[in-house]
Amino acid sequence: MSMDFAPPKYAQVMRAIQERIESGEYSPGDMLPSETQLVRELGVGRTTVVRALQTLAMQGWIEREHGRGSFVKGRPESGADRVRPGLTTTEQGESADSLVEVTRVPAPRHVARLLGVAERTPVIVRKRVARQGDVPSAVETVWIPLEIAVGSDLDKPEPLRSGIRRHLQAVKHLRFDHITERVSARKPTKEEAELLGSSGPVLGVLATVHDPAGTVLLAMSLALPGTLHELEDVYKVS
């Protein structure tokens, strides 16, 4: 029996787009063909194309702008090929159908520890469901301290079209310097299972966003269905 195997379809779509970027067919700043065009050209389903584009965005090859399309950034620098779910969550714009809730809640113990505040300190929660086509692909919960949210649109129920990172940079002149992530395999919470439509295992990501001084600006909890996500990294062996 042959040990050869074909990579997943979404990975094949990714490689086709990467090769075009590396060859110069798609230059930095160019808009990629639409999802519909890629579906027709590559002979795959829309869900496959969406997953490929989302992963390319997480790896830094392209940038996706809600309502506009996907734009080429170029080949990522060495070490930037890893999937970065926390960064993607802060950069992706929101839509009305993805946003689940925006509310003020007392910080639970684990969130308070991440933010460095007292337990039950009021914080703003933004929760949304990301999708690959029509399939829920992540539940993303962001906790924002009140002093960060006040004076911005983060405590308002309307979707942030530009994403959290750009909004805070434009409105409050805050700079995101680095993100710390912890990944574990776990069962989804009852609410996550309902939003994902599945009680299967998830990759749980707990992340904190820091400014250049190391101050925590916000915290995130991501639930990524294990059937849709895999973590990949590229690093040099010396």
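Going by the structure above, here's the rest.
What comes next concerns the included structure. Since this is a predicted model, take the numbers as computed values, not measurements.

Rules used in this analysis
- Residues numbered from 1 in each chain as written.
- Predicted model: local features only at pLDDT ≥ 70, side-chain atom pairs only at ≥ 80, totals over all residues.
- Heavy atoms only, no water.
- Pairing = 2+ DSSP bridges.
- Helix = DSSP H or I, 4+ residues; strand = E, 2+ residues; numbered from the N terminus.
- Axes fitted to C-alpha atoms, helices over the stretch in contact; angles between N-to-C directions.
- Core = buried A, V, L, I, M, F, W, Y, C linked by side-chain atoms within 4.5 Å.
- Buried < 20%, exposed > 50% of the residue type's maximum accessible area, 1.4 Å probe, protein only.
- Contact = heavy atoms within 4.5 Å.
- 1 Å grid on protein atoms, 1.4 Å probe; cavity = no way out; pocket = protein on both sides within 12 Å on 5 of 7 lines; lining within 4 Å.
- Points joined across faces, edges and corners; volume = space filled by probe spheres on them.
- Nonpolar A, V, L, I, M, F, W, Y, C, P; charged D, E, K, R; others polar.

### Some remarks on the sheet that holds strand 6 (residues 178–186)
Next, step 1: Read from one edge to the other, the open sheet built from six strands follows the order 3-4-5-8-7-6, with strand pairing classed as antiparallel. Of all the strands in the sheet, the pair left with one neighbour each is strand 3 (99–106) and strand 6. Here the average twist between neighbouring strands, direction ignored, is 15 degrees.
Next, step 2: Where strand 5 (residues 135–145) meets strand 8 (residues 216–225), five bridges bridge the pair, whose relative direction is antiparallel. Bridging from a neighbouring strand, V142 pairs with M220 of strand 8.

### As for the nonpolar core
Next, step 1: I144, L154, I164, L168, F176, L218 and M220 are the most contacted members of the largest nonpolar core, which totals 21 residues.
Next, step 2: Contributions of two or more residues to this core are made by strand 4 (122–132), strand 5, helix 6 (146–149), helix 7 (164–172), strand 7 (202–210) and strand 8.
Next, step 3: Per element, the largest residue contribution to this core is five residues, and it comes from strand 8.
Next, step 4: Among all residues touching F176, those that are not within four sequence positions of it are T90, I164, R165, L168, V209, H210, L217 and L218.
Next, step 5: The next biggest cluster of nonpolar side chains, apart from the first, holds 17 residues, and it includes V13, I21, Y26 and L32.

### Points about empty space enclosed by the protein
Next, step 1: Per the counting criterion, the structure on display carries one cavity of 30 Å³ or more.
Next, step 2: Elements with a contribution of two residues or more to the lining of the largest cavity: strand 4 and strand 5.
Next, step 3: For the lining of the largest cavity, the residue count by class is two nonpolar, one polar and four charged.

### Quick word on the layout of surface pockets
Next, step 1: The space that makes up the largest pocket amounts to roughly 1000 Å³.
Next, step 2: As for the largest pocket, its lining consists of 47 residues, of which V50, Q54, R64, Q92 and R131 are closest to the centre.
Next, step 3: Ranked by the residues each element gives to the lining of the largest pocket, the list is headed by helix 3 (residues 46–59), at eight residues.
Next, step 4: Here the residues of the lining of the largest pocket are counted per class, giving 16 nonpolar, 18 polar and 13 charged.
Next, step 5: In this structure, the second largest pocket occupies an estimated 470 Å³ of space.
Next, step 6: For the lining of the second largest pocket, the elements supplying multiple residues, two or more each, are helix 3, strand 1 (62–65), helix 4 (85–91) and helix 7.

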